[in-house]
Amino acid sequence: MKVETLRWSHNKLEMIDQRILPTAFEYVSYDSAASVAEGIRSMVVRGAPAIGVAAAYGVALEALRLQSNSIDSFKSGMEIGFTVLAQSRPTAVNLFWALQRMRKVWDSIVAQTPQQVAARLLEEAHEILAEDIRINRAMGAFGAELLADGTRVLTHCNAGALATAGWGTALGVFRSAVEAGKKISVIADETRPFLQGARLTAWEMVQEKIPVTLITDNMAGYLMAQGEVDAVVVGTDRVAANGDVANKIGTYMVAVLAQRHNIPFYVACPLSTIDMNIASGADIPIEERSADEVKGFRDMHWAAEGVKIRNPSFDVTPAELVTGLITEKGVVMQPNKNKLQQLFE
Ligand code: MRU
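Because the structure is predicted, anything quoted here is derived from the model rather than measured.

Cut-offs and rules
Residues numbered from 1 in each chain as written. Predicted model: local features only at pLDDT ≥ 70, side-chain atom pairs only at ≥ 80, totals over all residues. Heavy atoms only, no water. Near = heavy atom within 4 Å. Polar contact = N/O pair within 3.5 Å; in protein donor to acceptor, adjacent residues only side chain to side chain. Areas by Shrake-Rupley, 256 points an atom, 1.4 Å probe, with all protein chains shown as cover. 1 Å grid on protein atoms, 1.4 Å probe; cavity = no way out; pocket = protein on both sides within 12 Å on 5 of 7 lines; lining within 4 Å. Sits in = over half its atoms within 2 Å of the grid points. Nonpolar A, V, L, I, M, F, W, Y, C, P; charged D, E, K, R; others polar. Domains from an automatic or database assignment. Points joined across faces, edges and corners; volume = space filled by probe spheres on them. Helix = DSSP H or I, 4+ residues; strand = E, 2+ residues; numbered from the N terminus. Core = buried A, V, L, I, M, F, W, Y, C linked by side-chain atoms within 4.5 Å. Buried < 20%, exposed > 50% of the residue type's maximum accessible area, 1.4 Å probe, protein only. Contact = heavy atoms within 4.5 Å. Buried area = accessible area lost by both parts, 1.4 Å probe. Salt bridge = Lys/Arg side-chain N within 4 Å of Asp/Glu carboxyl O. Pairing = 2+ DSSP bridges. Axes fitted to C-alpha atoms, helices over the stretch in contact; angles between N-to-C directions. Arc of directions from axis to C-beta. Expected span 1.5 Å × (residues − 1).

A.B. asks: Now, about the site of the ligand: what can you tell me, with residues and values included?
C.D. replies: The environment of the ligand is made up of 18 residues, and the closest members are Arg 46, Arg 89, Asp 237, Asn 247 and Lys 248. A distance of 2.9 Å is found between an oxygen atom of the ligand and a backbone nitrogen or oxygen belonging to Gly 47. A total of 410 Å² of accessible area belongs to the ligand in isolation, and the protein chains cover 99% of it. Of all the cavities here, the one that holds the ligand is the largest cavity. Considering only residue class, the shell around the ligand consists of seven nonpolar, seven polar and four charged. Summarising the domain contributions, the shell around the ligand has at least three residues from each of domain 1 (6-136) and domain 2 (137-343).

Okay, structure coming up:
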């Protein structure tokens, strides 16, 4: 099954609306940086690499929208577009990575006409999308080697095709393992409050016919204690220079439990998710989302009215709990600053 999370169609960006999956499967269409930023903020698109690809298209769409303006108004409009996109979500570094890459392309042809700049930026967005799928395939091949035939692997949130341009990071590892002829089965944490595990990971695995069992987040420890989990593979939104890993809220709990039960804890992580400018996880900005997500789901609210609510959307797993980082350049066991630095040499 090919999931086209983002696609270019009739000079617009179309993205699967992940707020309504799996009840409905619909694309939403985007034609400007501001509209793409709103799509990222409202979680039509989510998942670190997918957010990066969307932002790249947001820049290209803005350039196409403004290409008939005077050079000065083109430039000032583009600056606003970059700013609006950068403010859409704070944690996934792929967003800033993609904006930086698009800016570099623009800087290299700044003397060209707006039309030429727009065409080149669109080309770059297409390249970022295609590259993301190639990278996921490479990570998948390395990660699949870590999973023996028969592995029961637990994952948290959705690090699948829906969180990327296709194939996925953690779920890409599962897809690659199956492609290599291994029989594996997946345990999907529900992932409160936004239910990316129940709605998105379960949906992807069912479509793919990879055996999947859904549990609520508080069941992981019980299953591990029963000897029903052989490995954990998750994705990440940002890895600090020392190997600390930010991922969906609840990942830290899973990592602590995995260590307690001697279960390997792997993180699938493209190089674009490693932020060498941030020394440790303590410096990673953690998004706080709306209290409504914790009160209930969609229109159904079950929390007592008036109760104080917290909704940190991500947590940080210290590097010492990470067995290995699965990257497109290979698996980095027991990640630390030196090993991460070598990936960029
Ligand atoms: O809030 P989300 O759904 O954007 O959070 C997504 C995650 O935490 C994923 O695990 C992470 O982005 C890796 S996706 C390959």
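The rest of the description comes next.
A.B. asks: Can you explain empty space enclosed by the protein? Please cite residues and give values.
C.D. replies: Tallied over the full model, the rule gives three cavities of 30 Å³ or more. Quantified by volume, the largest cavity comes out at close to 180 Å³. Residue lining of the largest cavity: 22 residues in total, with Arg 46, Gly 47, Ala 48, Asn 158 and Asp 237 positioned closest to the centre. Of all elements in the fold, only helix H2 (48-66) and strand E9 (245-248) reach the threshold of two or more residues within the lining of the largest cavity. Quantified by volume, the second largest cavity comes out at close to 90 Å³. Those elements giving two or more residues to the lining of the second largest cavity turn out to be H2, helix H4 (93-108) and helix H5 (114-144).

A.B. asks: A description of the layout of surface pockets should follow, citing residues and the corresponding values.
C.D. replies: Looking at the largest pocket, its volume works out to about 360 Å³. What lines the largest pocket is a set of 17 residues, among which Phe 194, Arg 289, Ser 290, Asp 292 and Glu 293 lie closest to the centre. Of the residues that constitute the lining of the largest pocket, the class distribution is four nonpolar, four polar and nine charged. Here the lining of the largest pocket spans two domains, and each of domain 1 (6-136) and domain 2 (137-343) adds at least three residues to it. Taken as a whole, the second largest pocket encloses approximately 260 Å³ of empty space. Looking at the second largest pocket, it is lined by 14 residues, and the ones nearest its centre are Val 93, Trp 97, Gln 100, Ser 272 and Ile 274.

A.B. asks: For the nonpolar core, give the residues involved together with the corresponding values.
C.D. replies: Residues Leu 6, Met 78, Met 102 and Leu 121 are the most contacted members of the largest nonpolar core, which totals 42 residues. Sort the elements by how many residues they give to this core and H2 lands first, with 13 residues. Among residues more than four places away in sequence, those in contact with Leu 121 are Val 59, Ala 60, Ala 63, Met 78, Met 102, Val 105 and Trp 106. Ala 255, Phe 265, Cys 269 and Leu 271 belong to the second largest nonpolar core, which has 26 residues in total.

A.B. asks: Please set out the domain arrangement of the chain residue by residue, giving values where relevant.
C.D. replies: Domain assignment breaks the chain into domain 1 (6-136) and domain 2 (137-343). Residue-level contacts link 31 residues of domain 1 with 38 residues of domain 2. Buried surface at the junction of domain 1 and domain 2, both sides included, amounts to about 2,700 Å², of which 55% is carbon and sulfur. Of all residues in domain 1, Arg 46, Thr 91 and Asn 136 give up the largest surface area on contact with domain 2, accounting jointly for 26% of the area buried on that side. Linking domain 1 with domain 2 are one salt bridge, by the criterion used here.

A.B. asks: Just give me the short version of the pattern of salt bridges, but keep the residues and values in it.
C.D. replies: Scanning all chains against the criterion turns up 21 salt bridges. For Glu 38, the salt bridge identified is with Arg 41, shortest N-O distance 2.7 Å. Of this pair, Glu 38 and Arg 41 both sit in helix H1 (residues 33-41), three residues apart, which is roughly one turn of the helix. In this structure, Asp 292 and Lys 295 form a salt bridge, with 3.6 Å as the shortest nitrogen-oxygen distance. Of this pair, Asp 292 and Lys 295 both sit in helix H10 (residues 292-295), three residues apart, roughly one helical turn. For Lys 295, a relative accessible area of 22% puts it in the partly exposed group.

A.B. asks: Tell me what's going on with the sheet that holds strand E3 (residues 27-30), and back it up with residues and numbers.
C.D. replies: Sheet architecture is open: three strands sit in the order E1-E2-E3, paired in antiparallel fashion. Edge positions in the sheet fall to strand E1 (6-9) and E3, since each has one partner strand and no second. If you compare each strand with its neighbour and ignore which way they point, the axes differ by 30° on average. Of the pairings in the sheet, the one linking strand E2 (residues 12-16) to E3 comprises four bridges and is antiparallel in character. Bridging across to E3, Glu 14 finds its partner in Ser 29. Sheet strands touched by H2: E1, E2 and E3. Its angle to E1, the strand with the most contacts, is close to 20°.

A.B. asks: Tell me about helix H9 (residues 251-260), and name the residues and values.
C.D. replies: Listed in full, the buried residues belonging to H9 are Thr 251, Val 254, Ala 255 and Ala 258. An end-on view of H9 places all buried positions within 100° of arc, on one side of the element. Those residues of H9 that are exposed and angled more than 90 degrees off the buried face are Met 253 and Arg 260. Where H9 terminates, the next one or two residues include Asn 262, which has phi positive at roughly 55°.

A.B. asks: Hey, could you go over H4 for me, with residue numbers and the actual values?
C.D. replies: The first and last C-alpha atoms of H4 sit 23 Å apart over 16 residues, in line with the 22 Å expected at 1.5 Å per residue. Where H4 is concerned, the buried positions are Val 93, Asn 94, Leu 95, Ala 98, Leu 99, Arg 101, Met 102, Val 105 and Trp 106. Summarising the contacts, the buried residues of H4 are in contact with H1, H2, helix H3 (71-86), H5, strand E8 (238-240) and strand E11 (274-275).

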